[in-house]
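Residues per chain, in single letters:
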Amino acid sequence: MSEPSAPKPFQRVSVLGAGAWGTALALNAARAGRDVVLWGRNQDNLNTISTQRQLPPYLPGLTFDHPLETTTDVTEAADADCILIVAPAQVTHHIAEAIGLYVRKGTPVILAAKGLEKGTQRMMSEVLADYLPQAQPAILSGPSFAFDVARGLPTAVTIAARTAPLAEQICATLSNKSFRPYASTDLIGVQLGGALKNVLAIACGIVMGKELGASAHAALMTRGFAEMQRLALKLGARPDTLMGLSGFGDVTLSCSSPQSRNFSFGYALGQGKDLSDLMAPGAKLSEGAYTARVACELAEKNGVDMPIAQAVADVLDRKDTIDKAVSKLMTRPLRRESDHH
């Protein structure tokens with residue numbers, strides 16, 4: 001039998017969002033041999049990217065190994081074989097709306113935000129379906145820091161699409177010697193793994209910031225992961241997805257490293273920093289701060305118990321102090337570890 005032929009990569013790739021992660025993914029696509037255009041709103045940052053191959057506000061001390069073409073024109077950015085939207089979850093719908101008229105029917109649009117939309121409780125693929133119904137949704141998620149990817153350090157992620165051939169084609173488009181994407185067709189599981197682990201990362205950061213010790217951190221991570229699985233499975237995720245890169249892999253990275261914005265956000269809270277300062281305009285974005293309450297709403301609607309997410313949401317909504325939230329978690333009724341109600 002002959003080997004199946006490798007999927008043909010998409011050649012023209014546009015990346016919408018010129019922050020740390022968008023720029024890193026644009027560089028990664030350029031390394032894979034694609035024709036890349038990076039769209040952003042900040043002309044000064046785009047000029048620095050295209051003339052100096054640097055982005056000091058987001059990727060300090062790094063000079064890029066490839067030049068990048070940049071634009072502020074959404075029509076140019078929408079004219080691509082494959083589009084990545086790399087914007088925070090709460091503004092993804094604005095970008096999808098902005099390119100809505102210009103995206104050709106059937107174009108794959110890959111969403112890289114790890115969050116759930118406040119108010120609507122929608123996953124990013126659902127947001128895309130509303131604003132870009134003509135696009136083919138895909139999700140990129142997994143244990144990956146922008147700085148590592150921008151430097152070309154070894155990274156593996158999951159790319160999910162509705163069909164295996166499309167997921168494989170996107171993997172072929174973005175794959176290079178240091179970036180290994182694995183294909184999936186579980187859009188729900190890949191999205192929920194990425195969104196919910198941010199909430200858990202805040203909880204883990206709080207525990208470390210309060211110096212409650214490595215044992216408490218390990219216990220919280222384990223119980224939090226069980227909690228994530230309960231909700232994701234109830235919403236239609238496949239169990240193996242949560243055990244993969246976009247679930248367990250992402251939890252491992254984000255819940256234990258100061259490089260994780262969500263962990264750092266929780267750590268600062270645990271050390272007594274003021275919530276208002278951490279959520280102020282211009283502060284480093286923590287997607288989990290917005291997703292925590294949405295996760296609790298979804299859990300309640302689906303009859304799923306998520307005490308750790310609830311504790312994080314209550315702290316962020318100022319309903320509980322951190323000490324009170326930690327105390328509640330430690331005094332919960334004892335039950336068998338594998339109970340699923």
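Scroll up to find the structure.
Right, let's walk through the structure included here. Keep in mind it's a predicted model, so treat the numbers as computed, not measured. (Residues numbered from 1 in each chain as written. Predicted model: local features only at pLDDT ≥ 70, side-chain atom pairs only at ≥ 80, totals over all residues. Heavy atoms only, no water.)

### Structural notes on the overall build of the chain
Helix and strand counts for the chain come out as 16 helices and eight strands. At 20 Å, the chain has a C-alpha radius of gyration in line with the 20 Å of a compact globule built from 341 residues. Taken over the C-alpha atoms alone, the chain extends approximately 55 × 50 × 35 Å along its principal axes. Among the 341 residues that make up the chain, the fraction classed as buried is 54%. Within the chain, contacts between residues at least 6 apart in sequence are counted, and of these 70% link residues at least 24 apart. Carbon and sulfur atoms form 54% of the exposed surface of the chain, whose accessible area is close to 15200 Å². In the chain, the 33 positive side-chain charges and the 32 negative ones have mean positions that sit 2 Å from each other. (Helix = DSSP H or I, 4+ residues; strand = E, 2+ residues; numbered from the N terminus. Rg over C-alpha atoms; globule rule 2.2 N^0.38 Å. Buried < 20%, exposed > 50% of the residue type's maximum accessible area, 1.4 Å probe, protein only. Contact = heavy atoms within 4.5 Å. Areas by Shrake-Rupley, 256 points an atom, 1.4 Å probe, with all protein chains shown as cover. Lys, Arg positive; Asp, Glu negative; His and termini not counted. Charge placed at Lys NZ, Arg CZ, Asp CG, Glu CD.)

### Describing the side chain of Asp250
If you trace the backbone, Asp250 turns up in helix α11 (residues 245–254). For Asp250, a relative accessible area of 1% corresponds to the buried category. What Asp250 contacts, discounting residues up to four positions off in sequence, is Lys114, Ser141, Gly142, Pro143, Gly194, Lys197 and Leu245.

### Remarks on helix α15 (residues 307–316)
Of all ten residues making up α15, nine are buried, and the element is well covered by its neighbours. Taken together, the buried positions of α15 are Pro307, Ile308, Ala309, Ala311, Val312, Ala313, Asp314, Val315 and Leu316. The elements touched by buried residues of α15 are α8 (187–209), α9 (214–234), α12 (261–270), α13 (275–278), α14 (287–301) and α16 (322–330). Remark: Arg318 follows α15 within two positions and exhibits a positive phi of approximately 60°.

### A closer look at the sheet that holds strand β7 (residues 155–161)
With mixed pairing, the eight strands of this open sheet are ordered in space as β3-β2-β1-β4-β5-β6-β7-β8. In the strand order of this sheet, the two ends are held by β3 (69–71) and β8 (179–184), each with one partner. Here the strands of the sheet are splayed against their neighbours by 25° on average, with no regard to which way each runs. Together, β1 (12–16), β4 (82–85), β5 (108–111), β6 (136–141), β7 and β8 form the strand contacts of helix α7 (residues 164–174), whose direction differs from that of β8 by roughly 175°. Where α8 meets the sheet, it contacts β6, β7 and β8, and its direction lies at approximately 40° from that of β6. (Pairing = 2+ DSSP bridges. Axes fitted to C-alpha atoms, helices over the stretch in contact; angles between N-to-C directions.)

### Quick word on the packing of α15 against α16
Interaxial distance between α15 and α16 falls to 9 Å at its minimum, and their mutual angle equals 165°. It follows from the interaxial angle that α15 and α16 lie roughly antiparallel. When the axes of α15 and α16 are compared, the crossing they make is right-handed. Packed against α15, whose contacting residues are Pro307, Ile308, Ala311 and Val315, the element α16 presents Ile322, Ala325 and Leu329 at the interface. Per-class residue counts for the contact of α15 with α16 are seven nonpolar, no polar and no charged. (Parallel < 35°, antiparallel > 145°, perpendicular 65-115°, else oblique. Left-handed = near helix turned anticlockwise from the far one by under 90°. Nonpolar A, V, L, I, M, F, W, Y, C, P; charged D, E, K, R; others polar.)

### Notes on the side chain of Ser141
Mapped onto the fold, Ser141 is located in strand β6. The class of Ser141 is buried, set by a relative accessible area of 1%. In this view, Ser141 contacts Lys114, Val157, Thr158, Val190, Gly194, Ser246 and Asp250; residues no more than four positions away in its chain are not counted.

### What to know about unusual backbone geometry
A positive phi angle, close to 55°, is found at Glu211, a residue other than glycine. Take Glu211: it is sitting in the loop between α8 and α9. Residue classification places Glu211 among the exposed positions, given a relative accessible area of 67%. Positive phi values are uncommon outside glycine, yet Arg318 reaches one of about 60°. Within the fold, Arg318 resides in the loop between α15 and α16.

### A short note on the nonpolar core
Of all hydrophobic cores here, the largest spans 47 residues; its most connected members are Leu116, Phe265, Leu269 and Leu316. If you list the elements that add at least two residues to this core, you get α8, α9, α12, α13, α14, α15 and α16. Counting residues per element, this core draws most heavily on α8, which supplies eleven residues. The contacts of Leu269, once residues within four sequence positions are left out, are Ile206, Leu275, Leu278, Val315, Leu316 and Ile322. Formed by 40 residues, the second largest nonpolar core is a distinct cluster that contains Leu38, Ile159, Ala167 and Leu174. (Core = buried A, V, L, I, M, F, W, Y, C linked by side-chain atoms within 4.5 Å.)

### Here we look at the pattern of salt bridges
Inspection of the entire model under this criterion finds 13 salt bridges. A salt bridge links Glu117 to Arg122; its shortest N-O distance comes to 2.6 Å. Judged by its relative accessible area of 16%, Arg122 is buried. Here the salt bridges do not stand alone but share partners, grouping Asp79, Asp81 and Arg104 into one network. (Salt bridge = Lys/Arg side-chain N within 4 Å of Asp/Glu carboxyl O.)

### Quick notes on the environment of Gly189
Locating Gly189 in the fold gives a position in helix α8. Among the residues examined, Gly189 registers a relative accessible area of 0% and is labelled buried. Spatially, the C-alpha atom of Gly189 lies 25 Å from that of Leu316, the residues being 127 residues apart in sequence. Ignoring sequence-local partners within four residues, the contact set of Gly189 consists of Ala237, Thr241 and Leu242.

### Brief notes about the environment of Met279
On the secondary structure map, Met279 appears in the loop between α13 and α14. Residue classification places Met279 among the partly exposed residues on the basis of a relative accessible area of 34%. Considering only alpha carbons, one finds Met279 and Val15, 264 residues apart in sequence, at a separation of 26 Å.

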